[in-house]
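Here's the letter readout for the chains.
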Amino acid sequence: MKRVLFVLMLMLLLGQEKLRAQASVGYYPWSNLLTVSTNAKKAIWLDTRLQTNSLFSSLSVDLLPMINLKRGEVAQWYIGGGLRLNPLYRIADADADLITIDGYSVNIGVRVSPLPMNRRIMLALELNPYVKDKFDSGVLKTHFGIVYAFGKKKKTDTATEQPVSP
């Protein structure tokens, strides 16, 4: 079952050609998560998260495909879910799988751009139910952080002044 989910997730990621443009980075300080996302303005986008402040054997990576529910100039509502992988778990357990699946999550969130002069700076707020890989336990997490979206600068239309003829 784990391998089937992993293969399906990998196929989804590799099948999205347009996911490479206009990435964003973010940090959730209370959750100790560093995040890198593809273009979140698209209908479907990918968010990857790396857990910081952890032992190497406990480092986990979240792969989260997201779907935008509603996008506006100020707020962006999204939902998604995915896998939490632990590629370094073999340090603690030599008999572990090459890539260990720690659990599964669902993400419901909003990114808000509160600054009218710079809409690339966003505050992110998420509700994140998470269950362990055998569904024997889980936790309801919340994340609050800041995100910066990279992108091309918009060209401003400036009217060139015509010299006044004397």
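Let us look at the structure shown here. These numbers were taken from a predicted model, which means no experiment stands behind them.

### Quick word on the sheet that holds strand β2 (residues 33-37)
- The antiparallel closed barrel is built from eight strands, whose spatial order is β1-β2-β3-β4-β5-β6-β7-β8. Sheet twist, expressed as the average angle between the axes of neighbouring strands with direction ignored, equals 25°.
- In terms of strand pairing, strand β7 (residues 121-132) meets strand β8 (residues 138-149) through 11 bridges, oriented antiparallel. Across the sheet, the residue bridging to Met-122 is Val-147, located in β8.

### What about unusual backbone geometry?
- Residues other than glycine seldom take positive phi values, yet Asn-32 does so here, at roughly 55°.
- With respect to the element layout, Asn-32 can be found in the loop between β1 (24-28) and β2.
- Overall, Asn-32 belongs to the partly exposed group, its relative accessible area being 23%.
- A positive phi angle, close to 60°, is found at Phe-135, a residue other than glycine.
- Among the secondary structure elements, Phe-135 is positioned in the loop between β7 and β8.

### Observations regarding the packing of aromatic side chains
- For the structure on display, the rule yields four aromatic pairs.
- Aromatic pair Trp-30 and Phe-144: ring centres 5.9 Å apart, planes at 35°, arrangement tilted. Of this pair, Trp-30 sits in the loop between β1 and β2 while Phe-144 sits in strand β8; the two residues are 114 residues apart in sequence, bridging distant segments of the chain.
- A relative accessible area of 67% places Trp-30 in the exposed class.
- Here Phe-144 falls in the partly exposed class, since its relative accessible area comes to 40%.
- Between Trp-45 and Tyr-78, the aromatic rings sit 5.2 Å apart at their centres with planes inclined by 75°, giving edge-to-face as the arrangement. On the criterion of sequence distance, the pair formed by Trp-45 in strand β3 (residues 44-51) and Tyr-78 in strand β5 (residues 75-86) is long-range, its members being 33 residues apart.
- For Tyr-78, a relative accessible area of 1% gives the class buried.
- Over the aromatic face of Tyr-130 sits the side chain of Arg-84, whose NZ or CZ is 4.6 Å from the ring centroid.
- Across the ring face of Tyr-130, the terminal group of Lys-141 is positioned such that the distance to the ring centre comes to 4.7 Å.

The rules behind the values
- Residues numbered from 1 in each chain as written.
- Predicted model: local features only at pLDDT ≥ 70, side-chain atom pairs only at ≥ 80, totals over all residues.
- Heavy atoms only, no water.
- Pairing = 2+ DSSP bridges.
- Helix = DSSP H or I, 4+ residues; strand = E, 2+ residues; numbered from the N terminus.
- Axes fitted to C-alpha atoms, helices over the stretch in contact; angles between N-to-C directions.
- Buried < 20%, exposed > 50% of the residue type's maximum accessible area, 1.4 Å probe, protein only.
- Phe/Tyr/Trp six-rings, centres within 6.5 Å; stacked < 30°, edge-to-face > 60°.
- Lys NZ or Arg CZ within 6 Å of the ring centre and 35° of its normal.

Just geometry here; none of it tells us what the structure is for.
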